[in-house]
Amino acid sequence: MLGSTSIYFHQDSNTLLAKWAFVYNLLSAKGYSVAEIMIYKKAYEYFCQNPSQYDGATIVKDLVDIPGLDLDAMLHDYHYIVFNAGANFATKFKVDWLFAKGTERKGKGLYSAYSRFIGLTITSVGFVPYAFIKRGKTINKTEINNHYKTLLTP
């Protein structure tokens, strides 16, 4: 999106598997439950299988969780690509809010979290119709709602 690129998932499978251990430990240290971590794991595994589909964080490149990977941007891309969340205003709002809350929860700062959310909300005006036309109206609302509930329920 908007010219961002990432080569993180273009590493060999053994390296990616070893780095998953860092991701797991980080999320665990940040207080994520196993169910929450498994959501990130699905996204991580998806991009391991489809490395060219992950483009990294757009605009703000310095909020990485481990070198080269912003977990919130990864999950956000996963929601947009796999569940087509951007093709509907309600589902886009939910995954954008998850993105902001994940950023905040990982301690990246309130300004970073909510300025990105505001930017994503503003772009909805043009992005949702574009995604709807380009990707169609099929949206996996069930999985989006499950992720939303799992990640935002204390």
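The structure reproduced in this document is the subject of the present report. In this text the structure is predicted, and so the values were computed from the model without any measurement.

1. Describing the overall build of the protein
Part 1 of the argument: Looking only at helices and strands, the protein has 6 helices and 0 strands in total.
Part 2 of the argument: Across the protein, helices and strands are ordered from the amino to the carboxyl terminus as α-α-α-α-α-α.
Part 3 of the argument: Residues counted as buried form 42% of the 154 residues belonging to the protein.
Part 4 of the argument: In the protein, the share of contacts with a sequence separation of at least 24, taken over all contacts with a separation of at least 6, comes to 71%.
Part 5 of the argument: Element-wise, carbon and sulfur atoms account for 62% of the exposed surface of the protein, whose accessible area totals about 8100 Å².

2. A word on the nonpolar core
Part 1 of the argument: Of all hydrophobic cores here, the largest spans 32 residues; its most connected members are Phe9, Val23, Tyr40, Tyr44, Leu69 and Met74.
Part 2 of the argument: Looking at this core, the elements with two or more residues in it are helix H1 (13–29), helix H2 (34–49), helix H3 (71–82), helix H4 (89–105) and helix H6 (141–152).
Part 3 of the argument: Apart from residues lying up to four places away in sequence, Met74 is in contact with Phe9, Tyr40, Ala43, Tyr44, Phe47, Tyr54 and Leu69.

3. Some points on the layout of surface pockets
Empty space among the atoms can be located by rolling a probe the size of a water molecule over them.
Part 1 of the argument: Taken as a whole, the second largest pocket spans an internal volume of roughly 170 Å³.
Part 2 of the argument: Taken together, Ser13, Leu16, Leu17, Trp20, Lys41, Tyr44, Glu45, Cys48 and Gln49 make up the full set of residues lining the second largest pocket.
Part 3 of the argument: Looking at the lining of the second largest pocket, the elements that each hand over two or more residues are H1 and H2.
Part 4 of the argument: The element best represented in the lining of the second largest pocket is H2, accounting for 5 residues.

4. Structural notes on the packing of H1 against H2
Part 1 of the argument: At a minimum axis separation of 10 Å, H1 and H2 run at an interaxial angle of 155°. As summarised for this structure, H1 and H2 are arranged roughly antiparallel, according to the angle between their axes. In terms of crossing hand, the pair formed by H1 and H2 is right-handed. Touching Leu16, Lys19, Trp20, Val23, Tyr24, Leu27 and Ser28 of H1 are Val34, Ile37, Met38, Tyr40, Lys41, Tyr44 and Cys48, all from H2.
Part 2 of the argument: Tallied by class, residues from the contact of H1 with H2 come to 11 nonpolar, 1 polar and 2 charged.

5. Some remarks on the environment of Lys42
Part 1 of the argument: The topology assignment puts Lys42 in helix H2.
Part 2 of the argument: A relative accessible area of 45% means that Lys42 is categorised as partly exposed.
Part 3 of the argument: Taking C-alpha positions, Lys42 is 8.9 Å from Tyr78, a pair spaced 36 residues apart along the chain.

6. Things to note about empty space enclosed by the protein
Part 1 of the argument: On inspection of all chains with the given rule, the structure shows 1 cavity of 30 Å³ or more.
Part 2 of the argument: Considering only enclosed or pocket space, the largest cavity measures out at about 30 Å³ in volume.
Part 3 of the argument: Along the walls of the largest cavity sit Tyr40, Asp72, Leu75, His76, His79, Val95, Leu98 and Phe99, which together make up its complete lining.
Part 4 of the argument: Only H3 and H4 provide two or more residues apiece to the lining of the largest cavity.
Part 5 of the argument: With 4 residues, the single largest contributor to the lining of the largest cavity is H3.
Part 6 of the argument: Residues belonging to the lining of the largest cavity are distributed by class as follows: 5 nonpolar, 2 polar and 1 charged.

Analysis parameters
- Residues numbered from 1 in each chain as written.
- Predicted model: local features only at pLDDT ≥ 70, side-chain atom pairs only at ≥ 80, totals over all residues.
- Heavy atoms only, no water.
- Helix = DSSP H or I, 4+ residues; strand = E, 2+ residues; numbered from the N terminus.
- Buried < 20%, exposed > 50% of the residue type's maximum accessible area, 1.4 Å probe, protein only.
- Contact = heavy atoms within 4.5 Å.
- Areas by Shrake-Rupley, 256 points an atom, 1.4 Å probe, with all protein chains shown as cover.
- Core = buried A, V, L, I, M, F, W, Y, C linked by side-chain atoms within 4.5 Å.
- 1 Å grid on protein atoms, 1.4 Å probe; cavity = no way out; pocket = protein on both sides within 12 Å on 5 of 7 lines; lining within 4 Å.
- Points joined across faces, edges and corners; volume = space filled by probe spheres on them.
- Axes fitted to C-alpha atoms, helices over the stretch in contact; angles between N-to-C directions.
- Parallel < 35°, antiparallel > 145°, perpendicular 65-115°, else oblique.
- Left-handed = near helix turned anticlockwise from the far one by under 90°.
- Nonpolar A, V, L, I, M, F, W, Y, C, P; charged D, E, K, R; others polar.

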